[in-house]
Amino acid sequence: MKELRERIEADGHVLGEGVLKVDSFVTHQVDPVLMEQIGRVFAKVFAEAKITKVVTIEASGIAPALYAAQYLQVPMVFARKSKSLTMNEELLTAEVYSFTKQVTSTISISRKFLSAEDNVLIVDDFLANGQAAKGLIELCRQAGAHVEGIGIVIEKSFQDGRELLEAMGLKVVSLARIKSLSEGKVEFLEEDA
Ligand code: 5GP
């Protein structure tokens, strides 16, 4: 997605340790116009797939997932990283190790929002080692739901997340693919859409 690549070039900042900071338009302040375009592209790619739910993880996955869900005309469900007091019903849970925060957290979705009838599109802001996506896949598996594919806003292709997901037989659609972040520069691969 050309607009996304250009925005990363203009406003992204490369931190050490292979981390890209995009807090002015994705992960803290959010650009709704760009997110809407991103959601529209995901919806177009999966238009014929009979998606019934878009599933993401709080917080930064919510914006692109919500627009994708709006265009697909299905609900969006986000996994919580901490348990809410009002979540007193049965939960689907999985452990996720966070690459950026270097902590393991338990993510959860209420069982009533995912079922064996669901055909899920998973959406997230970043794909690095694939642990967040793997956790979401695990929640879908526990519900008996089918995962149709994974929509990623920014894939760091120099980490092994994509390989992990493709080895599970899943279709990965990344709107920006980063080949390297060395010497403070962002180098791209050709994106999927
Ligand atoms: P993974 O689980 O694939 O290793 O990492 C995905 C999650 O880690 C994303 O949900 C995102 O929050 C975070 N993440 C991974 N790499 C980066 C990065 O370079 N920059 C930012 N801002 N977040 C990242």
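What counts and how
- Residues numbered from 1 in each chain as written.
- Predicted model: local features only at pLDDT ≥ 70, side-chain atom pairs only at ≥ 80, totals over all residues.
- Heavy atoms only, no water.
- UniProt positions renumbered as here; feature names shortened; annotations may be inferred.
- Helix = DSSP H or I, 4+ residues; strand = E, 2+ residues; numbered from the N terminus.
- Contact = heavy atoms within 4.5 Å.
- Core = buried A, V, L, I, M, F, W, Y, C linked by side-chain atoms within 4.5 Å.
- Buried < 20%, exposed > 50% of the residue type's maximum accessible area, 1.4 Å probe, protein only.
- Pairing = 2+ DSSP bridges.
- Salt bridge = Lys/Arg side-chain N within 4 Å of Asp/Glu carboxyl O.
- Near = heavy atom within 4 Å.
- Polar contact = N/O pair within 3.5 Å; in protein donor to acceptor, adjacent residues only side chain to side chain.
- Areas by Shrake-Rupley, 256 points an atom, 1.4 Å probe, with all protein chains shown as cover.
- Nonpolar A, V, L, I, M, F, W, Y, C, P; charged D, E, K, R; others polar.

## Here we look at the UniProt feature "binding site: xanthine" (unreviewed entry) in the protein chain
Taken from the UniProt record, the annotation "binding site: xanthine" (unreviewed entry) applies to Leu20, Thr27 and Lys156. Along the chain, Leu20 falls in strand β2 (residues 19-21). Dropping the residues within four chain positions of it, Leu20 is found in contact with Ile8, Gly12, His13, Val14, Phe126, Ile154, Ile178, Leu181 and Val186. Along the polypeptide, Lys156 turns up in strand β8 (residues 146-156). Not counting residues up to four positions away in its chain, the partners in contact with Lys156 are Gly18, Val19, Phe99, Phe126, Leu127, Ala128, Ile178 and Leu181.

## As for the nonpolar core
Leu4, Ile8, Leu20, Ile38, Ile51, Val54 and Ile154 are the most contacted members of the largest nonpolar core, which has 34 residues in total. Elements that contribute at least two residues to this core include exactly α1 (2-11), α2 (32-45), α3 (62-72), β7 (119-127), β8 and β9 (172-180). Ranked by residues supplied to this core, first place goes to α2 with five residues. In this structure, Leu114, Val120, Cys140 and Leu170 belong to the second largest nonpolar core, which totals 26 residues.

## As for the pairing of β9
β9 sits mainly inside the fold: eight of its nine residues count as buried. The pairing of β8 with β9 spans six bridges and is classified as parallel. Bridge pairing in β9 places Lys156 opposite Ile178. In this sheet, strand β10 (residues 187-189) lies alongside β9 in antiparallel orientation, the contact comprising three bridges. Within β10, the position partnered with Arg177 by the bridge is Leu189. Connecting the antiparallel pair β9 and β10 is a turn made up of six residues, with Glu183 showing a positive phi of about 55°.

## Observations concerning the pattern of salt bridges
Applying the stated rule across the entire model yields 14 salt bridges. Between Lys2 and Glu6 there is a salt bridge whose closest N-O contact spans 3.2 Å. In this pair, Lys2 and Glu6 both sit in helix α1, four residues apart, roughly one turn of the helix. The exposure class assigned to Lys2 is exposed, which follows from its relative accessible area of 53%. Classification of Glu6 as partly exposed rests on a relative accessible area of 40%. Across the pair Arg162 and Asp192 runs a salt bridge, and its minimum N-O distance is 3.0 Å. In this pair, Arg162 is assigned in helix α5 (residues 161-167) and Asp192 in the segment after β10, connecting sequence segments 30 residues apart. With a relative accessible area of 35%, Asp192 lands in the partly exposed category.

## Some remarks on the site of the ligand
For the ligand, the set of nearby residues contains 16 residues, the closest of which are Leu20, Asn129, Gly130, Ala132 and Lys156. Asp125 places a polar side-chain atom, nitrogen or oxygen, 3.2 Å from an oxygen atom of the ligand. In this structure, Ala128 approaches the ligand through a main-chain N or O atom, which is 2.8 Å from an oxygen atom. A total of 500 Å² of accessible area belongs to the ligand in isolation, and the protein chains cover 88% of it. Breaking the shell around the ligand down by element, the ones donating at least two residues are β2, β7 and α4 (131-143). Sort the elements by how many residues they give to the shell around the ligand and β7 lands first, with four residues. Tallied by class, the residues present in the shell around the ligand amount to seven nonpolar, six polar and three charged.

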